[in-house]
Amino acid sequence: MSGKKGEIVSVAREYGAAVVFVASYKNRMADPEEGHWVYVDPHRESADIYIANHAETGDIVVTQDIGLESLVLPKGASALTPRGTIYTESSIGPALDLRYLAAKERSRGRYGKGTKRFTAEDREHFARALAEMLSKMEQKGCFRGRNNSERENQ
């Protein structure tokens with residue numbers, strides 16, 4: 001498994017952490033090698049709704065969707081972006097404000113440069129941040145490390 005998903009699986013394996021991927025049926029993999037895959041309806045927000053409804057304390061949600069991050073944080077889950085930014089309940093508010101202001105500017109026809117290209121440095125930063133989060137959770141004793149069969153039965 002390559003890319004960001006491969007990084008997630010690799011780091012999680014070091015800690016014995018279960019990995020759950022949520023995707024649309026449109027993106028169904030023929031034979032996923034690693035992790036537990038949950039497939040949801042192909043509607044625009046189906047994956048986000050599933051994640052928001054199932055996230056709980058001890059989960060790490062990896063997403064670049066600030067809105068989804070704001071929904072899982074109050075449930076005790078942690079939020080991490082694919083570039084390695086860790087959001088907390090105190091930092092998500094300003095991020096939501098910036099998203100709102102950017103949307104307002106776009107509605108006025110003012111567009112910024114867009115998202116910068118994802119780099120190898122971003123990937124390394126992400127892997128370090130994920131490992132750091134898992135390590136802290138393990139030290140605090142709140143790391144569940146549930147296996148995939150337990151997750152499937154939910």
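A quick note: this is a predicted structure, and the numbers were derived from the prediction, not measured. (Residues numbered from 1 in each chain as written. Predicted model: local features only at pLDDT ≥ 70, side-chain atom pairs only at ≥ 80, totals over all residues. Heavy atoms only, no water.)

Below, the discussion takes up the overall build of the protein chain. Helix and strand content of the protein chain: 6 helices and 5 strands. From first element to last, N terminus to C terminus, the protein chain shows the α and β order α-β-β-α-β-α-β-β-α-α-α. Within the protein chain, the fraction of its 154 residues that count as buried is 34%. Counting contacts in the protein chain only where the partners sit at least 6 residues apart, residues at least 24 apart contribute 46% of the total. Total accessible area on the protein chain is roughly 9,900 Å²; 48% of this is exposed by carbon and sulfur atoms. (Helix = DSSP H or I, 4+ residues; strand = E, 2+ residues; numbered from the N terminus. Buried < 20%, exposed > 50% of the residue type's maximum accessible area, 1.4 Å probe, protein only. Contact = heavy atoms within 4.5 Å. Areas by Shrake-Rupley, 256 points an atom, 1.4 Å probe, with all protein chains shown as cover.)

The subject of this paragraph is the packing of helix α1 (residues 3-15) against helix α5 (residues 120-140). Packing of α1 against α5 brings their axes to within 10 Å, and their N-to-C directions diverge by 30 degrees. Considering the angle they form, α1 stands roughly parallel to α5. Handedness of the α1/α5 crossing: right-handed. Counting all contacts with α1, which are made through Gly 3, Lys 4, Glu 7, Ile 8, Val 11, Ala 12 and Tyr 15, the residues of α5 involved are Arg 123, Phe 126, Ala 127, Leu 130, Ala 131, Leu 134, Ser 135 and Glu 138. Grouping the amino acids of the contact of α1 with α5 by side-chain chemistry returns 9 nonpolar, 2 polar and 4 charged. (Axes fitted to C-alpha atoms, helices over the stretch in contact; angles between N-to-C directions. Parallel < 35°, antiparallel > 145°, perpendicular 65-115°, else oblique. Left-handed = near helix turned anticlockwise from the far one by under 90°. Nonpolar A, V, L, I, M, F, W, Y, C, P; charged D, E, K, R; others polar.)

Moving on, we get to the side chain of Glu 69. With respect to the helices, strands and loops of the structure, Glu 69 is situated in helix α3 (residues 66-72). Once you skip the residues sitting within four places of it in the chain, Glu 69 turns out to touch Thr 63, Gln 64, Ala 79, Leu 80, Thr 81, Tyr 87 and Ile 92.

As a further point, take the sheet that holds strand β3 (residues 60-62). Across the sheet, which stays open at both edges, the 3 strands sit in the order β3-β4-β5 with mixed pairing between neighbours. Whereas interior strands pair on both sides, the edge strands pair on one side only; in this sheet they are β3 and β5 (86-87). As defined by bridge partners, β3 adjoins strand β4 (residues 78-80) across 3 bridges and the pair is classed as parallel. Paired with Val 61 across the bridge in β4 is Ala 79. (Pairing = 2+ DSSP bridges.)

This brings us to the nonpolar core. In this structure, Ile 8, Val 11, Val 19, Phe 21, Leu 80, Leu 130 and Leu 134 are the most contacted members of the largest nonpolar core, which totals 19 residues. Residue assignment for this core shows that the elements contributing at least two residues are α1, β1 (20-24), β2 (36-40) and α5. Of the residues forming this core, the biggest block, 7 residues, is contributed by α5. The contact partners of Val 11, leaving out residues within four places of it in the chain, are Ala 127, Leu 130, Ala 131 and Leu 134. Counting residues in hydrophobic clusters, the runner-up holds 13 residues, among them Ile 51, Ala 52, Val 61 and Ala 95. (Core = buried A, V, L, I, M, F, W, Y, C linked by side-chain atoms within 4.5 Å.)

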